[in-house]
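Residue strings, one per chain:
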Amino acid sequence: MLFRPNPASGVPIYLQLMEQVKHSIETGALRPGEQLPGIRPLAEELVINPNTVAKAYRELEHEGVIELRQGAGAFVSGNARAKELTDKVRAGQTVVAAVVGRLRARGVTDEEIRRLFEAELAGLRKTGERRG
Amino acid sequence: MADSLVIETADLRKRYDDVEALCGLSLQVPAGSICGFLGRNGAGKTTTIKILLGMARPTSGQARVFGLAADRPEPSVAIRRRTGFVSEDKDLYDGMTVEEIVRYTAAFYPHWRVDLEQRYLRKFELPSGRKVKALSRGMRTKLALLLAFSRGAELLILDEPTSGLDPVVTEEVLQAIVGHVAGAATTVFFSSHQIAEVDQIADRVAIVDRGRVAVAGALEDLRETYCRVQMVFDRDAPEPALRTPGVVRTRRDGRVLSVLSSAGPEGILDEARALGPVSTEVVAVTLKEIFLETVRHED
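These lines cover the structure that appears in this document, whether it is placed above or below. No experiment lies behind these values; they were computed from the predicted model shown.

### Looking at unusual backbone geometry
Thinking step 1. For V47 of chain A, which is not glycine, the phi torsion reads 50° and is therefore positive.
Thinking step 2. Locating V47 of chain A in the fold gives a position in the loop between α2 (39-46) and α3 (50-62).
Thinking step 3. Using a count of 20 C-beta atoms within 10 Å as the deciding quantity, one classes V47 of chain A as buried.
Thinking step 4. Located in the positive-phi region is E125 of chain B, a residue other than glycine, with phi close to 50°.

Below, the structure written as structure tokens:
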């Protein structure tokens, strides 16, 4: 099975699903032009709300990652934008992998790394200097 | 998705002798949604459902289903004609066989969907010749769902549909609900105290606590707007009087100050900066945390 969102994580399920679709494209599990599962079968398979699947697909279409063809279903985009996105994400992955590697080497745990990333993305910095 | 409301109540109150079961319950369920009605035992879930179905009269306030007044006899009949209901006890005629009860129920509904009946008979693997009273709890639940689905109802009201079921049957029941909604223009309103299943299949939630709706909205919105801001100080955490709207709860524990927000972190971060924390982080919260923080009271 390709996708596995975790409803209890606190992260919106449609965002998780979007990430997992993008990840599948990055890794080559899904290729340009290939069809994604329909909304109903995917909702049934993952036992999640069909409106959530529909929302993820709409957002992915908006980002140019997939195309929704009337009556035919959802397909991975074959256009340059999807390619560009893949390259960009791949470049980012290299940077992130290097940073994560360095943090781990310093003994920072994965959970701490995750929180540091989340705090950084939320626009936070340390608001004071630690003393000592 | 149309935004019309299938269920709408305003300031609903219900008093049984000296017990106030509902005290100003306001609820909106848009068409096409799967709405989880989450609350502790005795919070008012079943009373609300009874009022929606005309099985109990509100002491005051309004309840509308399909825009029809639920507390008036004629509209109530129309509501029940368009609504499939599965009670917590899954009351069915025990003396009939599966096949007999399906035929018997079908006779009442001119829009009975034989295709759905056949689909769910196969999917649920219900033994057509077995007496209802000899069915397991899981099979009984599946049969009740089959009867509700096959009616072609526009609204399904399910009172604790998975109570007493094992995890495998629970998953099958949730899957059937999701599949049914995806294939038909149906709204589902289901009560539960299982946070995980609401998390899994609902797109809307209403958390009921002590007779009123304490938190309601689209689950994705709640997941995006609720968060916890955690601040660490180099001294005992101050006791701030945060004025930012959306502060649900503030906890102090030694040098740590933790604030649960229902309106994103920004306002709290702005205010918190003045307090001079050593570090600040924002953590996502789960529906379980939202639920527990809402219904837990320090009496």
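### Some details on the sheet that holds strand β12 (residues 247-253) of chain B
All names here are of chain B.
Thinking step 1. Taken in spatial order, the four strands of this open sheet run β12-β13-β11-β14, and their pairing is antiparallel. The open sheet has two edge strands with one neighbour each: β12 and β14 (279-284). For this sheet the average axis-to-axis angle between neighbouring strands, irrespective of direction, equals 15°.
Thinking step 2. Inspection of the sheet shows strand β11 (residues 227-232) paired to β14 by six bridges, in the antiparallel sense.

### Regarding the pairing of strand β9 (residues 204-209) of chain B
Residues and elements named next belong to chain B.
Thinking step 1. Counting buried positions along β9 yields five of six residues, so the element is predominantly enclosed.
Thinking step 2. Two strands pair when backbone bridges link them, and strand β3 (residues 34-39) and β9 are joined in this way by five bridges, in the parallel orientation. When the sheet's bridge partners are listed, F37 is paired in β9 with A206.
Thinking step 3. In the sheet, β9 pairs with strand β10 (residues 212-218) via six bridges, with the strands oriented antiparallel. Residue R204 lies in a different strand from β10, and its bridge partner there is A218.
Thinking step 4. In this structure, the hairpin formed by β9 and β10 is closed by a connection of two residues, where R210 is found at a positive phi of approximately 50°.

### Regarding the sheet that holds strand β6 (residues 83-86) of chain B
Residues and elements named next belong to chain B.
Thinking step 1. Taking strand neighbours across the sheet as the criterion, the six strands line up as β6-β7-β8-β3-β9-β10 in an open arrangement whose pairing is mixed. At either end of the open sheet lies a strand with only one pairing partner, and these are β6 and β10. For this sheet the average axis-to-axis angle between neighbouring strands, irrespective of direction, equals 15°.
Thinking step 2. Of the pairings in the sheet, the one linking β6 to strand β7 (residues 155-159) comprises four bridges and is parallel in character. Bridge pairing in β7 links G84 to L156.

Reading the values: rules and limits
Residues numbered from 1 in each chain as written. Chains lettered and ligands numbered in written order. Predicted model: local features only at pLDDT ≥ 70, side-chain atom pairs only at ≥ 80, totals over all residues. Helix = DSSP H or I, 4+ residues; strand = E, 2+ residues; numbered from the N terminus. Buried ≥ 20, exposed ≤ 12 C-beta atoms within 10 Å, placed from the backbone. Pairing = 2+ DSSP bridges. Axes fitted to C-alpha atoms, helices over the stretch in contact; angles between N-to-C directions.

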